[in-house]
Amino acid sequence: ISAEIIMKKTILFDLDGTLIDSTSAILKGFDSAFIAHGRQTPDHDALKSLVGYPLEIMFEELGADKNLLTDYAKEYKACYEKIYLDETTLLPYAMEALQEASSFADVGVVTTKTSKFSIILLEHLGVMKFIKTVVGRDDVANPKPDPEPINLALKRLEKGKDNAFMIGDTIMDLKAAKAALVTGVGLTCGYGQRTDLEKFSEHIFSTPLEAVCFIKED
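Chemist: For this particular structure, what's the right way to read unusual backbone geometry?
Modeler: What is expected of a backbone is that most residues other than glycine have negative phi and most peptide bonds are trans. In this structure, the amide linkage connecting K144 to the following residue, P145, adopts the cis form with an omega of 15°. With respect to the element layout, P145 can be found in the loop between β5 (133-135) and α7 (148-157). Backbone geometry at Y93 places phi at a positive 70°, although glycine is not the residue there. For Y93, the position within the fold is in the loop between β3 (89-90) and α5 (94-104). Of the residues examined, Y93 reaches a relative accessible area of 44% and is grouped as partly exposed.

Right under this line is the structure:
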């Protein structure tokens with residue numbers, strides 16, 4: 001038996017809009033991909049409303065040529081890779097939320113970003129020490145809202161579904177939680193609208209720290 005204490009609770013966090021703000025890097029990445037294809041840059045409000053979906057779906061929704069979605073995603077990543085460390089910050093109370101969560105729960109991150117970038121970013125932001133596993137787009141066949149990423153995170157943590165929570169700012173996070181049979185907790189500090197989040201969870205908070213404190217008391 002490993003010496004590591006198995007915590008009673010499990011908390012999985014989404015990344016963008018839940019723990020980090022990488023909006024400027026995302027917008028610049030999308031703009032550069034459209035410009036590279038000689039296209040008008042996309043509407044930024046429309047773009048923000050799609051954050052959380054896989055890149056190809058976002059590009060398709062924004063009117064990129066269907067047969068070039070992989071190229072658009074490549075252009076995006078080439079730009080994003082150069083700037084994301086400088087242009088991403090932790091959201092208010094994210095550091096405290098992770099620190100508090102790690103004191104009573106096994107903590108994971110479940111994101112639609114690739115896990116490679118995500119781990120580098122979390123190291124850079126000084127919070128990887130609180131996180132035991134990161135499941136990204138590259139680790140699964142089916143991203144959120146499919147339950148697969150949450151199930152994989154629980155499997156890696158060797159945890160069951162009792163006392164397991166998924167915290168996120170979009171309905172993709174909450175739909176994935178429902179499908180995985182864990183408790184979804186919504187946040188209004190990111191890209192989702194409260195009215196949409198309320199359709200999928202009665203637990204809605206304005207910061208990740210408030211969500212963690214709720215889970216601690218739960």
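After presenting the structure, the write-up continues.
Chemist: Looking at this structure, I do not really get the packing of aromatic side chains. What am I missing?
Modeler: Where two aromatic rings form a pair, the distance of their centres and the angle of their planes describe that pair. Summed over the entire model, instances satisfying the criterion amount to 11 aromatic pairs. Their ring planes at 40° and their centres at 5.7 Å tell us that F34 and F59 sit as a pair that is tilted. With a gap of 25 residues between them, F34 in helix α1 (residues 23-36) and F59 in helix α3 (residues 55-61) connect regions that are remote in the sequence. Of the two residues examined, F34 and F59, each falls in the buried class. Sitting over the face of the ring of F117, K116 holds its NZ or CZ atom 5.3 Å from the ring centroid.

Chemist: Honestly, the nonpolar core in this entry has me stumped. Any pointers?
Modeler: One recurring pattern in soluble globular proteins: nonpolar side chains tend to sit buried together. By size, the foremost hydrophobic cluster in this structure holds 53 residues, and its most contacted members are F13, F30, F59, I131 and I167. Setting aside its immediate chain neighbours within four residues, F30 contacts P42, L47, L55, M58, F59, L62 and Y76. The next biggest cluster of nonpolar side chains, apart from the first, holds 14 residues, and it includes L12, A153, A176 and A177.

Conventions used here
Residues numbered from 1 in each chain as written. Predicted model: local features only at pLDDT ≥ 70, side-chain atom pairs only at ≥ 80, totals over all residues. Heavy atoms only, no water. Helix = DSSP H or I, 4+ residues; strand = E, 2+ residues; numbered from the N terminus. Buried < 20%, exposed > 50% of the residue type's maximum accessible area, 1.4 Å probe, protein only. Phe/Tyr/Trp six-rings, centres within 6.5 Å; stacked < 30°, edge-to-face > 60°. Lys NZ or Arg CZ within 6 Å of the ring centre and 35° of its normal. Core = buried A, V, L, I, M, F, W, Y, C linked by side-chain atoms within 4.5 Å. Contact = heavy atoms within 4.5 Å.

Remember, this is a structural readout, not a statement about activity or role.
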